Each structure stands twice: as C-alpha cells, then as structure tokens.
Amino acid sequence: MKERELIRLAHEARQRAYAPYSGFQVGAALLTKGGKTYLGCNIENAAYSPSNCAERTAFFKAISEGETEFEAIAVVGGKAGEKPGQMCTPCGVCRQVMMEFCSPETFQIILEDENRGYQVFTLGDLFPLGFGPGNLRKDG
Ligand code: THU
C-alpha cells in the first residue's frame, strides 16, 4: 500500500536526521507522479537559521534532479530515541514550498499518527488559500 510504504521510507530517512540542537528528528518520503521516491531528513546548523526541514530536503533533492510533478509526501518525526507520538505536521515554510510545485486539491500529505496509523490530508487542507504561482498569473 502506497501510504504505508512511504511511511516506512520516511522512517528510513529519519535515521539520517542531523538534529543535534533540537533533538527532534524528522524523515520524509516524497513520491513523484512517475513513481520515484526522494527521501529527506532535517539538517540543522550551529547558526540555527540555515537549518532545513526534512520535507524541503526531499523536495529540493527531487527538483534539482529534474522532477516537477508530485503525488504525495509522508512525514514522520519526534524526539530522538523515542517513537514518533503526535503527528509531525509540516511547518509553514514547507507548506509554502509545496504550494509552488503541488496541487492543493490533489497533493497528499501522509502523517504518521500514533492512534490511527496515519492520516492523509491534501495540501489545501493544511494550507487553505495559500499563495502560489497562480496568484502571479494574469489569468489567475
Ligand atoms: N522539522 C522538520 O524537519 N519538519 C517538520 O515538519 C517540522 C519540523 C524540523 C526542523 C527542526 O530541525 C526540528 O524539526 C525542530 O523544529
């Protein structure tokens, strides 16, 4: 099943998280419409602001490899050494990056949920009325 496989891959990516400052380790698995997956983890920095979230790591890897169409992303995260508890919801910056490349109606965000296994949201669910490329086009 697509969702469970993406969550499994997100856990694999989470093992490579570099999060010595927050101690919060996140993994993401991004599925393209062509069926390829790109993994990402959070990568922190001693200067704090250069840190990058797992979701954006996965997106930037994929986009830099020429991918432009995306179907879904799974995200898992939590304190190092602990099993992820509550859902790790993407931050606002990551939602904005998703808005650049994904359809708010169809792009799926799969979040591991301790109680229900996982929950699936569309980008539009998590980022209503988001500003995107369409806002800059004359014809809307
Ligand atoms: N983080 C992510 O990588 N993705 C999320 O969805 C939420 C937060 C990272 C950023 C930072 O390295 C750490 O988790 C704590 O905020």
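Residues numbered from 1 in each chain as written. Predicted model: local features only at pLDDT ≥ 70, side-chain atom pairs only at ≥ 80, totals over all residues. Heavy atoms only, no water.

## Description of the side chain of Asp113
Piece 1. Among the structural elements, Asp113 can be located in strand β4 (residues 108–113).
Piece 2. Among buried charged residues, Asp113 stands out as having no salt bridge; its nearest opposite-charge side chain is Arg116, 4.6 Å away.
Piece 3. A polar contact of 2.6 Å, which involves the side chain of Asp113, links it to the side chain of Gln119. (Helix = DSSP H or I, 4+ residues; strand = E, 2+ residues; numbered from the N terminus. Buried < 20%, exposed > 50% of the residue type's maximum accessible area, 1.4 Å probe, protein only. Lys, Arg positive; Asp, Glu negative; His and termini not counted. Salt bridge = Lys/Arg side-chain N within 4 Å of Asp/Glu carboxyl O. Polar contact = N/O pair within 3.5 Å; in protein donor to acceptor, adjacent residues only side chain to side chain.)

## As for the packing of aromatic side chains
Piece 1. If you walk through the whole model with that rule in mind, you get three aromatic pairs.
Piece 2. Taken together, the aromatic side chains of Phe59, Phe70 and Phe107 make up a single cluster linked through ring pairs. (Phe/Tyr/Trp six-rings, centres within 6.5 Å; stacked < 30°, edge-to-face > 60°.)

## A word on the pairing of strand β2 (residues 37–41)
Piece 1. In terms of burial, β2 is largely enclosed, as four of its five residues are buried.
Piece 2. In terms of strand pairing, strand β1 (residues 24–32) meets β2 through five bridges, oriented antiparallel. When the bridges of β2 are listed, Leu30 appears paired with Tyr38. (Pairing = 2+ DSSP bridges.)

## Examining the pairing of β1
Piece 1. For β1, a buried count of seven out of nine residues is recorded, marking the element as mostly surrounded by other parts of the structure.
Piece 2. If you look at the hairpin formed by β1 and β2, you'll find four residues sitting between the two strands, and Gly35 has a positive phi there, around 95°.

## Notes on the nonpolar core
Side chains of nonpolar character tend, in soluble globular proteins, to be buried together.
Piece 1. Counting residues in each nonpolar core, the largest one holds 23 residues, and the members touching the most others are Leu30, Phe59, Ile73, Met98, Phe107, Ile109 and Leu123.
Piece 2. Put simply, the parts of the chain that give this core at least two residues each are β1, α2 (54–64), β3 (70–79), α3 (92–101), β4 and α4 (123–126).
Piece 3. Judged by nonpolar contacts, the second largest core, of 13 residues, contains Ala13, Ala29, Leu31 and Ala74. (Core = buried A, V, L, I, M, F, W, Y, C linked by side-chain atoms within 4.5 Å.)

## Notes on α2
Piece 1. Every buried residue belonging to α2 is among Ala54, Glu55, Arg56, Thr57, Ala58, Phe59 and Ala62, and all of these are buried.
Piece 2. Turning to α2, the residues buried within the fold contact β1, β2, β3 and α3.
Piece 3. One or two residues past the end of α2 sits Gly66, with phi positive at roughly 100°. (Contact = heavy atoms within 4.5 Å.)

## A short note on the site of the ligand
Piece 1. As a matter of local geometry, the ligand sits amid Ser22, Phe24, Val26, Asn42, Glu44, Cys53, Ala54, Glu55, Cys88, Thr89, Pro90 and Cys91.
Piece 2. Here Asn42 contributes a side-chain N or O atom positioned 3.0 Å from an oxygen atom of the ligand.
Piece 3. Glu55 is positioned such that a nitrogen or oxygen atom in its side chain is 2.6 Å from an oxygen atom of the ligand.
Piece 4. At the level of elements, β1 and α2 are the ones that each hand at least two residues to the shell around the ligand.
Piece 5. Its residues assigned to classes, the shell around the ligand shows seven nonpolar, three polar and two charged. (Near = heavy atom within 4 Å. Nonpolar A, V, L, I, M, F, W, Y, C, P; charged D, E, K, R; others polar.)

## Here we look at unusual backbone geometry
Piece 1. With a phi angle near 60°, Tyr48 is a residue other than glycine that sits in the positive phi range.
Piece 2. Within the secondary structure layout, Tyr48 lies in the loop between β2 and α2.
Piece 3. With a phi angle near 55°, Leu129 is a residue other than glycine that sits in the positive phi range.
Piece 4. Mapped onto the secondary structure, Leu129 falls in the segment after α4.

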